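# Tertiary structure, described
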Amino acid sequence: MKILIVDDNPTNVIIIREILKKEDYRNFITASSAKEMLKLLGIGAEGENGRQRASDIDLILLDMMMPEMDGIEACRVVQQYDHLKDIPIIMVTAVGDSKKLAEALDAGAVDYVTKPINKVELMARIRLALRLKREKDWHKERDQRIQDELKLAALVQNAVLSLPIMDETFEVHAIYQPSFELAGDLYAWYPLGDGRYAVILLDMMGHGISSSLFCMFLASVLKDTVTTYVEPEKVIQELNRRFNQLYIEKQLVQYYFTAIYLVIDTRMKRIDYVNAGHPPALFFEGEAKQPVLLESNCHPVGLFDRIDILPQSLSFEEEGHLVLYTDGLLEMAEGEQEDQLRFMTEHLNGGHEWREEAMRDVFFVDDSNQERDDDKCLVWISLKEGTDKE
């Protein structure tokens, strides 16, 4: 533990040093002015931005009344630097003015001792300040480890998301913007052979670590589920069964997720789907300006042990595009669902080709000054004629 003693009176410095030595505190340095203290902390003489290096000083004993710059002003300067503001400062003062002492505490000091210095009182306040500093440092280190692990988890979570497919008759892309470091949306697609593709988009209730862990579980079983069961009704029922196997005793919140799952047959020009409580997908075919809605036909997954599903089918003749999305995009528009769907249609019907820049400009402009309330995800599927003609 390193202690910095700041006082313009050499006698006061000697007294404090001797008290510390007798209590076995020998790692200390001294400064004869507030400006010298700021230099030792890596701050310029006028309090301008200096080197942002971590300080090895654990406690400052700062005289309140000094020429040029007093202790209160120096304390305010230290508080302007994030890497220094957690160093506890104990004011040493002969002033008994309660207003001045309150001003010192408001400036960032954690405590004070009065002159003439009482050894017992000084050491008690030093031990308390150092204990609080150790606890704060421990919390900062723990929080940093958690943040590092969350960033790694986000990279792992992002790695399980499917990459774009750009085949002759089928193309799929996605944009994803989580509201937090970890998110509760998941998308995936799988070629099934013979011009067939499976596509799923799901939205887990809630945000953060718990929702992301449920998403990672679903990602781990999704490929096996889709390739084994294929058909929409069976896939959603199997996901419901798997999800309900995650019985967590005494859980305070019942987790569930909405999902839309499609099997697209580009040869038969047919879309089979189940929408489990998810916002309606939009299908634009040919020159049509108004989309066909792939609306919900069963309740969300995970609410009940059994899920009754009436699968739906949709045929198409011309080129077109499908847009799947989570409710974070719908909520960008005010009003009822009809108003929100009108907003979506207005920005999604301008041609069947993927337009990433335009989609980002409309739906994914990131305002760093505003906290995002919900994850945003958009999946764009282009259905093309292809070049082979028989």
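Our structure is the block above this text.
Everything in this summary refers to the structure shown in the same document. Please read all numbers here as calculations on a predicted model, not as lab measurements.

### Here's the deal with a nonpolar patch on the surface
Taken together, L152, L155 and V156 make up a surface patch of nonpolar side chains, about 300 Å² in accessible area. Within the secondary structure layout, L155 lies in helix α5 (residues 119-159).

### What to know about the packing of aromatic side chains
Applying the stated criterion to the full structure yields nine aromatic pairs. Centroid distance F214 to F243: 5.4 Å. Interplanar angle 50°. Geometry classified as tilted. Placement of the pair is F214 in helix α6 (residues 208-229) and F243 in helix α7 (residues 232-244), with a sequence separation of 29 residues. Take F214 and F243: they sit in the same class, and that class is buried. Here the aromatic rings of F343 and F363 are separated by 5.9 Å at their centres, their planes lie at 85°, and the arrangement is edge-to-face. Here F363 lies in helix α10 (residues 356-363) and F343 lies in helix α9 (residues 337-348), a separation of 20 residues in the sequence. We classify F343 as buried; its relative accessible area is 18%. Assessed through its relative accessible area of 0%, F363 is described here as buried. Within the aromatic cluster, the residues linked to one another by ring pairs are F214, F243, Y255 and F257. The ring of Y112 has R125 lying over it, and the distance from NZ or CZ to the ring centre is 5.8 Å.

### A short note on the sheet that holds strand β8 (residues 185-193)
Across the sheet, which stays open at both edges, the five strands sit in the order β8-β9-β10-β11-β14 with antiparallel pairing between neighbours. Lying at the two open borders of the sheet, with one neighbouring strand each, are β8 and β14 (312-315). Pairs of neighbouring strands in the sheet enclose a mean axial angle of 15°, with direction left out of account. Direction of pairing for strand β11 (residues 270-276) relative to β14: antiparallel, over a ladder of four bridges. Within the sheet, the bridge partner assigned to I271 lies in β14 and is L314. Packing of α6 onto the sheet brings it into contact with β8, β9 (196-204) and β10 (257-265), and relative to β8 it is tilted by some 5°. Of the strands in this sheet, β9, β10 and β11 touch α7, which is tilted by about 150° from β10.

Reading guide: rules and limits
Residues numbered from 1 in each chain as written. Predicted model: local features only at pLDDT ≥ 70, side-chain atom pairs only at ≥ 80, totals over all residues. Heavy atoms only, no water. Patch = residues over 30% accessible without salt bridge, like charges linked within 9 Å, V, L, I, M, F, W, Y side chains within 5 Å. Areas by Shrake-Rupley, 256 points an atom, 1.4 Å probe, with all protein chains shown as cover. Salt bridge = Lys/Arg side-chain N within 4 Å of Asp/Glu carboxyl O. Helix = DSSP H or I, 4+ residues; strand = E, 2+ residues; numbered from the N terminus. Phe/Tyr/Trp six-rings, centres within 6.5 Å; stacked < 30°, edge-to-face > 60°. Buried < 20%, exposed > 50% of the residue type's maximum accessible area, 1.4 Å probe, protein only. Lys NZ or Arg CZ within 6 Å of the ring centre and 35° of its normal. Pairing = 2+ DSSP bridges. Axes fitted to C-alpha atoms, helices over the stretch in contact; angles between N-to-C directions. Contact = heavy atoms within 4.5 Å.

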